[in-house]
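The lines below spell out each chain.
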Amino acid sequence: MEVIVIPAMGDNYIYLGIYEPGRCFCVDPGTAGPVFEALKQNHLELSHILITHNHYDHTGGANDLKVQTGCGIVGPSRQEFKELDQQVENNQKLLIGSTEILTISTPGHTQNCVCYFINVPDNAQPIVFTGDTMFVSGCGRILGGNAEIMYNSLQKIAALPNDTLVYCGHDYTEENCQFALHIN
């Protein structure tokens, strides 16, 4: 599976997962413009949007993309994001094309966060899209629970295969490393 990384809004990441030639899903489109550009540039058709949590910097472009492409929107909570076509739960398997995607409930940053895990066939590295649950050298701010809840969610990610490629929702690497050095 090829993943196209789309930097957006300063420090956000939006992802396109190409699951078959010419077709892709999008993860956390905080804005639609860069996604439309990437779709056009790569000659891709968008079939699904996967939402990790309800914050606008991860959902802001979803409705525009749905209106323009007819794609479906998948995510963790209709109460928090009413435009969902499909609500997912922990350990639910989604099938997009022939790609099986496992949802992993990871509350902590918000009460209804999910990660999307893909155990890619043909000996390729597995993939997980973590949204704001986990970043390089850190985790998301705890807004939907407490430290124990976030810790338990991070343990679920840690239990994935060691060679799993992690695609997080923001690039806070420098700030996270500076904080760690300060604490140390």
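Nothing here was measured: the structure is a model prediction, and the numbers come from that model.

**A closer look at unusual backbone geometry**
With a phi close to 55 degrees, His43 is a non-glycine residue in the positive phi region. Under the relative-accessibility criterion, His43 is labelled exposed at 68%. In this model, Asn91 sits at a positive phi of 60 degrees, which is unusual for a non-glycine residue. Following the sequence through the fold, Asn91 ends up in the loop between strand 6 (86-87) and strand 7 (93-96).

**A short note on the environment of Cys71**
Counting through the fold element by element, Cys71 comes out in the loop between helix 3 (62-69) and strand 5 (72-75). Through-space distance from the C-alpha of Cys71 to that of Glu45 is 9.0 Å; in sequence the pair is 26 residues apart. What Cys71 contacts, discounting residues up to four positions off in sequence, is Leu46, Ser47, His48, Ile49, Leu65, Lys66 and Asp85.

**Here we look at the sheet that holds strand 4 (residues 45-50)**
The strand order across the open sheet formed by six strands is 1-2-3-4-5-6, and the pairing between neighbours is mixed. On the outer flanks of this sheet lie strand 1 (2-8) and strand 6, each paired with one strand and no other. Helix 1 (residues 33-42) rests against strand 1, strand 2 (12-20), strand 3 (23-27) and strand 4 of the sheet, and its axis sits at about 140 degrees to strand 1.

**A look at the environment of Met1**
Note that Met1 resides in the segment before strand 1. Residue class for Met1 comes out partly exposed when judged on its relative accessible area of 32%. Put simply, Met1 and Thr99 are 98 residues apart on the chain and 9.0 Å apart in space, counted from C-alpha to C-alpha. The contact partners of Met1, leaving out residues within four places of it in the chain, are Gly17, Ile18, Tyr19, Phe25, Thr99, Ile118, Val120 and Ile127.

**Concerning the packing of aromatic side chains**
The final tally for this structure, using the stated rule, is six aromatic pairs. Relative to Tyr15, the ring of Tyr13 lies with its centre 6.1 Å away and its plane at 40 degrees, an arrangement referred to as tilted. Taking relative accessible area as the criterion, Tyr15 reaches 5% and is therefore assigned buried. The rings of Tyr13, Tyr15, Tyr19, Phe25, Phe129 and Tyr167 are connected pair by pair, giving a single aromatic cluster.

**Some details on the sheet that holds strand 10 (residues 127-131)**
Strands sit in the order 7-8-9-10-13 across an open sheet of five strands; the sheet is mixed. Strand pairing shows two members of the sheet lacking a second neighbour, strand 7 and strand 13 (165-168), which therefore form its edges. For this sheet, the mean inter-axis angle between neighbouring strands, taken without regard to orientation, is 25 degrees. The pairing of strand 9 (residues 114-118) with strand 10 spans three bridges and is classified as antiparallel. Bridge pairing links Ile118 to Ile127 in strand 10.

**Concerning the pattern of salt bridges**
Side-chain pairs of opposite charge can arise whenever the charged atoms involved come near each other. Counted by the stated rule, this structure contains four salt bridges. Of the charged contacts in the structure, one is a salt bridge between Arg23 and Glu20, with a shortest N-O distance of 3.4 Å. The class of Arg23 is partly exposed, set by a relative accessible area of 24%. Note that Asp85 is salt-bridged to Lys66, the shortest N-O span being 2.7 Å.

**Side note on the pairing of strand 5**
Of the two faces of strand 5, the one lined by Gly72 and Val74 and the one lined by Ile73 and Gly75 are each fully buried. Bridge count for strand 4 against strand 5 is three bridges, and the pairing is parallel. Across the sheet, the residue bridging to His48 is Gly72, located in strand 5. Where strand 5 and strand 6 come together, two bridges link them in parallel fashion. Along strand 6, the bridge assignment pairs Gly75 with Gln87.

What counts, and at which threshold
Residues numbered from 1 in each chain as written. Predicted model: local features only at pLDDT ≥ 70, side-chain atom pairs only at ≥ 80, totals over all residues. Heavy atoms only, no water. Buried < 20%, exposed > 50% of the residue type's maximum accessible area, 1.4 Å probe, protein only. Helix = DSSP H or I, 4+ residues; strand = E, 2+ residues; numbered from the N terminus. Contact = heavy atoms within 4.5 Å. Pairing = 2+ DSSP bridges. Axes fitted to C-alpha atoms, helices over the stretch in contact; angles between N-to-C directions. Phe/Tyr/Trp six-rings, centres within 6.5 Å; stacked < 30°, edge-to-face > 60°. Salt bridge = Lys/Arg side-chain N within 4 Å of Asp/Glu carboxyl O.

Function cannot be inferred from these measures alone, as they are strictly geometric.
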